[in-house]
Structures are given as structure tokens and as C-alpha cells.
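These are the residues of each chain, in order.
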Amino acid sequence: MPHTTVPATQHIAFAELQDLLTQIFLRHGTSPEVAAILAANCASAQRDGAASHGIFRIPGYLSTLASGWVNGRAVPQVQDVAPGYVAVDAGNGFAQPALQAARSLLIEKARHNGIALLAIRNSHHFAALWPDVEPFAREGLVALAFVNSMACVVPTGGHKALFGTNPIAFAAPRAGDNPLVFDLATSAIAHGDVQIAARAGHRLPEGYGVDRHGQPTRDPAAVLDGGALLPFGGYKGSALAMMVELLAAALTGGNFSFGFDWSQHPGAKTPWTGELLIVIDPSKGAGHSFTQRTEILVRHMRAAGQDRQPGDRRYQQRAQSDRHGIAIGCEELARLRGLAAAPLPPAG
Ligand code: NDP
Ligand code: PYC
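Below: a short report on this structure. Only a predicted model underlies this, so the values are computations on that prediction, with no experimental measurement involved.

## Description of empty space enclosed by the protein
Argument step 1. If you walk through the whole model with that rule in mind, you get one cavity of 30 Å³ or more.
Argument step 2. Forming the walls of the largest cavity are Val34, Asn71, Gly72, Ala74, Pro76, Ala90, Gly93, Phe94 and Pro97.
Argument step 3. If one sorts the elements of the lining of the largest cavity by residue count, strand 3 (residues 85-94) sits on top with three residues.

This is the structure in C-alpha cells:
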């Protein structure tokens, strides 16, 4: 008998994945605007090889929408607070539509003043943070973003989870190259990567987490089952996580990572917190010399032996996905197609 092998992965175009995800969100209670924004975000993460924040997150988005914890149809309310200050009430919806709603005003203010701030509150962020900053750098601006999440990180020297995994992302334009971007959790590892390690049966490195009794563990299941993560770099990461709580929650009016209770919403996975962005127009101070000096810095980093810059892996993966399509496991793709083929909910 001829032997047929079933491929483990398929490659699909970005537009096809984006459309598939849009259809899924539409069928699970989001408005068309929110569906399009979340789909683009999630497809971008998958394209760039962000395993913990691409289609891996779809079940979490859907169980959260089903639980009633988040409003997938929220319409963000933008407030022009001051010459350099924009605020958005996301209406218990997702942070990315709130950012989109405020984006043009934020850029206008940053270009006019040289700097502007966007404070998003009452929002849910379940994604990678670099998609929130990279587009600003592509328009010649420097951007910083801060998001807090859910209490799962023990502050340094402490004994209970208090901070979220609280990522910080930064993007700066370069002369004729992709922006310099970094995006990092302030915990030793992102929560999503702990889930991936648990599924794969991998151990965590030493010093990443504790079990439910506060004892160091390398078992990701023990971290997820009542345990917690540690900040990266000890007290230094802990201080950054604290700063993120202050900027993304205290300053915006969003919840602290320990400040919401989702126990009455089984299936809820998206942290209900806040996000802060700072956008700077370097042309106001340094003029064109900013990108020239960025190139000097990158050259010196290379000369000092740092061949791989933050963002390089993601850009390489992006180029590969653009050439060959985005690799997705066949079973996973079949599951996504099944979800996208479900009947649309009644209008209204
Ligand atoms: P990583 O540790 O994988 O990477 C952090 C940064 O360091 C990236 O910019 C990465 O660039 C860069 N980097 C990695 N290795 C090197 C190296 N050897 N040399 C130079 N630069 C390097 O990310 P995290 O695990 O901390 O975070 C993963 C994702 O989880 C992020 O996208 C984050 O936003 C997301 N997250 C989201 C949360 C939320 O609340 N929404 C909470 C926590 C995390 P590159 O991209 O090229 O690999
Ligand atoms: O991976 O830590 C994480 C995370 C929290 C919220 C979204 N992603």
C-alpha cells in the first residue's frame, strides 16, 4: 500500500490567518472593529514567532469572552486631557482598540510638543507588547509602553504573589533599517511560556519560580498550581515591576495586578488593568542626528561582540513568514478553521 505522510505543519499567508482570526473573534462576541484589531495583533505575533502570544492565546480569549469578564464590543472613550496627555477609558474592553482610538491624537500631540503620554484604563491586555510600540518607530518616533497583568510574581524578598509579569516595550527608529525594539516581561519568564513549558513537559531554569509553599521549584506545573514566578534579576526586576504597576495602573486609573477578582468568572484569563505609553519626537531635540547616533551605537554594540540585537529574531522570523507563509500545526489550523466556520451570533 502506498504510504502517505501527513505534514505536521502547514504554511499560510498572513492575510489568511488574519481573516481566520477575525472570523473567530466575530463568532465569539466581539464587534467587527475589535475582531479586526485583535486578529491583526495575534496574527502578527504568530508571524514573528512569538509562541506565547500568537494563536496559543485564542482559547484564552474565547473562554474570557464567554465568561462575560471582558466587553468585546466596548467602544473606547478618548479624552484630550492636556497638551501632552491623552486618556482613554477602554470600557472594560481590550487595550489595543483603545490605543487605536487615541493613536492619531497621541501622534499629533507628540509631534507638536515633542512628547506625549497615553493613559489607558479599564482595559485588558493579553498580547505581546511590541506591536503597540513598533509602528510609532516606523513613523520616526520613540515609544515606550508599560502594561501590568495579574498577580503571579513575588516581589523581591516577599512571600506572596503581588506584581504581574508586567512587560516593558521600547521602540526607536533607525536610519534605513527596522526599528530597534525590545519587549520584555519583568518576571524571570512570561506566564505564557510557563504554560508552554508545562504542556511540553520541560523544566524551568533555576530561580524562575516557587511552588504553593514558597519553595523554589523548576516544575512549571507547580508554579501554575498555586505557585508563583520571581522577578528577573532579583531586586532590579522587582523595582521595574513596581514601576510598571505605578505607571500602568496607579497613573492611568487602571487596576493593580492584585486589584481585581475574576473568581466569579470561570474561564476569565485576560488581566483587567491599564497601559501607559510615552511617545517622543526625537526631531525636536536631536533632529536627524538621533537615527545617525542610533547607528553609531548599534555599530559599537556589534564591535563589542553583540551580534544579535533585541528584535533581530522577530524580524528574521517575520521575513521567513513573509517568504514561506506562517507555519502552523495542522491540528491547530483545523481547530481554528472549525472555530471560524461556526454560525455567526445573531445581530444586535
Ligand atoms: P524574551 O525574554 O523572549 O525577550 C525579551 C527581549 O529580549 C526581546 O526584545 C528579545 O528580542 C530580546 N532578546 C532575547 N534574547 C536576546 C539575546 N540573546 N540578545 C539580545 N536580545 C535578546 O521575552 P519575554 O519572555 O520577557 O516576553 C515574551 C512576550 O510576552 C513579550 O512579547 C511580552 O510583551 C509578552 N508579555 C505580555 C504580557 C501582558 O500582560 N500582555 C505580560 C508578560 C509578557 P526578540 O524579539 O528578537 O527575541
Ligand atoms: O505571558 O505573562 C504573560 C501574560 C500575562 C498576560 C498576558 N500575557
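What follows continues from the structure just given.
## Remarks on the site of ligand 1
Argument step 1. Neighbouring ligand 1 are 21 residues, the closest being Ala127, Asp183, Ala185, Gly311 and Arg313.
Argument step 2. Separating an oxygen atom of ligand 1 from a backbone N or O atom of Asp312 is a distance of 3.3 Å.
Argument step 3. Coverage of ligand 1 by the protein chains reaches 74% of its 930 Å² of free accessible surface.
Argument step 4. Of all elements in the fold, only strand 7 (180-184) and helix 10 (312-324) reach the threshold of two or more residues within the shell around ligand 1.
Argument step 5. Its residues assigned to classes, the shell around ligand 1 shows nine nonpolar, six polar and six charged.

## What to know about the site of ligand 2
Argument step 1. Neighbouring ligand 2 are His53, Arg57, Phe126, Ser149, Met150, Thr165, Ala190, His191, Gly192 and Pro271.
Argument step 2. Within the side chain of Thr165, an N or O atom sits 2.7 Å from an oxygen atom of ligand 2.
Argument step 3. Considering ligand 2 on its own, with 240 Å² of exposed area, one finds that the protein chains cover 94% of that surface.
Argument step 4. The pocket occupied by ligand 2, as judged from atoms lying within 2 Å of grid points, is the largest pocket.

## Some remarks on the nonpolar core
Argument step 1. Core analysis: the biggest nonpolar cluster contains 29 residues, and Leu118, Ile120, Val133, Phe136, Leu277 and Val279 have the highest contact counts within it.
Argument step 2. Those elements that provide at least two residues to this core are strand 3, helix 4 (95-113), strand 4 (115-124), helix 5 (130-138), strand 5 (142-147), strand 6 (168-172) and strand 11 (272-280).
Argument step 3. Ranked by the residues each element gives to this core, the list is headed by helix 4, at seven residues.
Argument step 4. Ignoring sequence-local partners within four residues, the contact set of Leu277 consists of Leu99, Ala116, Leu117, Leu118, Ile120, Asp132, Val133, Phe136, Leu144 and Ala145.

## What to know about the side chain of Asn41
Argument step 1. Here Asn41 is to be found in helix 2 (residues 32-47).
Argument step 2. Excluding anything up to four places from it in sequence, Asn41 contacts Gln96, Ala127, Ala128, Pro131 and Asp132.

## What to know about the layout of surface pockets
Argument step 1. Estimated volume of the largest pocket: approximately 840 Å³.
Argument step 2. As for the largest pocket, its lining consists of 37 residues, and the residues nearest its centre are His53, Asp183, Leu184, Ala185 and Ala190.
Argument step 3. Breaking the lining of the largest pocket down by element, the ones donating at least two residues are strand 7, helix 6 (191-200) and helix 10.
Argument step 4. Residue composition of the lining of the largest pocket, by class: 20 nonpolar, ten polar and seven charged.
Argument step 5. The computed volume of the second largest pocket comes to approximately 400 Å³.
Argument step 6. Contributing elements (two or more residues each) for the lining of the second largest pocket: helix 2, helix 4 and helix 5.
Argument step 7. In terms of residue count, helix 5 provides more of the lining of the second largest pocket than any other element does, seven residues in total.

## What to know about a nonpolar patch on the surface
Argument step 1. On the surface, Phe182, Leu184, Phe232, Leu240 and Met243 cluster together into a nonpolar patch covering about 340 Å² of accessible area.
Argument step 2. Within the residue set of the nonpolar patch, elements represented by two or more residues are strand 7 and helix 8 (235-250).
Argument step 3. Residue placement: Leu184 occurs in strand 7.
Argument step 4. The partly exposed category is assigned to Leu184, whose relative accessible area is 34%.

Calculation criteria
Numbering of residues begins from 1 in every chain and follows the order in which that chain's sequence is written. Written order determines the labels here, with chains lettered from A and ligands numbered from 1. Owing to the predicted nature of the model, reporting of local features is limited to residues with pLDDT of at least 70; listing and counting of side-chain atom pairs is limited to 80 or more, with chain, interface and lining totals taken over all residues. Computation of side-chain values: all heavy atoms of the structure, hydrogens and water removed. Lining residues are defined by having an atom within 4 Å of a point belonging to a cavity or pocket. Those points lie on a 1 Å grid over the protein atoms alone, cavities being sets where a 1.4 Å probe fits but cannot get out and pockets being open sets with protein on both sides within 12 Å along at least five of seven lines. Grid points are joined across faces, edges and corners, and a volume is the space filled by probe spheres set on the points. The numbering of helices and of strands both runs from the N terminus, where a helix is a DSSP run of H or I of at least 4 residues and a strand a run of E of at least 2. In this text, near means that some heavy atom of the residue lies within 4 Å of the molecule or strand in question. Counted as a polar contact is a pair of N or O atoms within 3.5 Å, where, for protein atoms, one must be capable of donating a hydrogen and the other of accepting one, and residues adjacent in sequence contribute only when both atoms are in side chains. For accessible areas, the Shrake-Rupley method is used with a probe of radius 1.4 Å. Any residue's cover is judged against the shown protein chains and nothing else. When residue character is reported, Ala, Val, Leu, Ile, Met, Phe, Trp, Tyr, Cys and Pro are called nonpolar, Asp, Glu, Lys and Arg charged, and the others, Gly included, polar. Just a note on the criterion: a molecule sits in a pocket or cavity if more than half of its atoms are within 2 Å of the grid points. Each nonpolar core is a collection of buried residues, namely Ala, Val, Leu, Ile, Met, Phe, Trp, Tyr and Cys, held together in the definition by side-chain atoms within 4.5 Å. Categorising residues by exposure relies on relative accessible area from a 1.4 Å probe, with only protein chains included: less than 20% of the type maximum marks a residue as buried, more than 50% marks it as exposed, and the intermediate range marks it as partly exposed. What makes two residues a contact is simply this: any of their non-hydrogen atoms within 4.5 Å. Patch building starts from residues that exceed 30% relative accessible area and form no salt bridge, then joins like charges within 9 Å and nonpolar side chains (Val, Leu, Ile, Met, Phe, Trp, Tyr) within 5 Å. Salt-bridge detection follows one rule: a side-chain nitrogen of Lys or Arg within 4 Å of a carboxyl oxygen of Asp or Glu.

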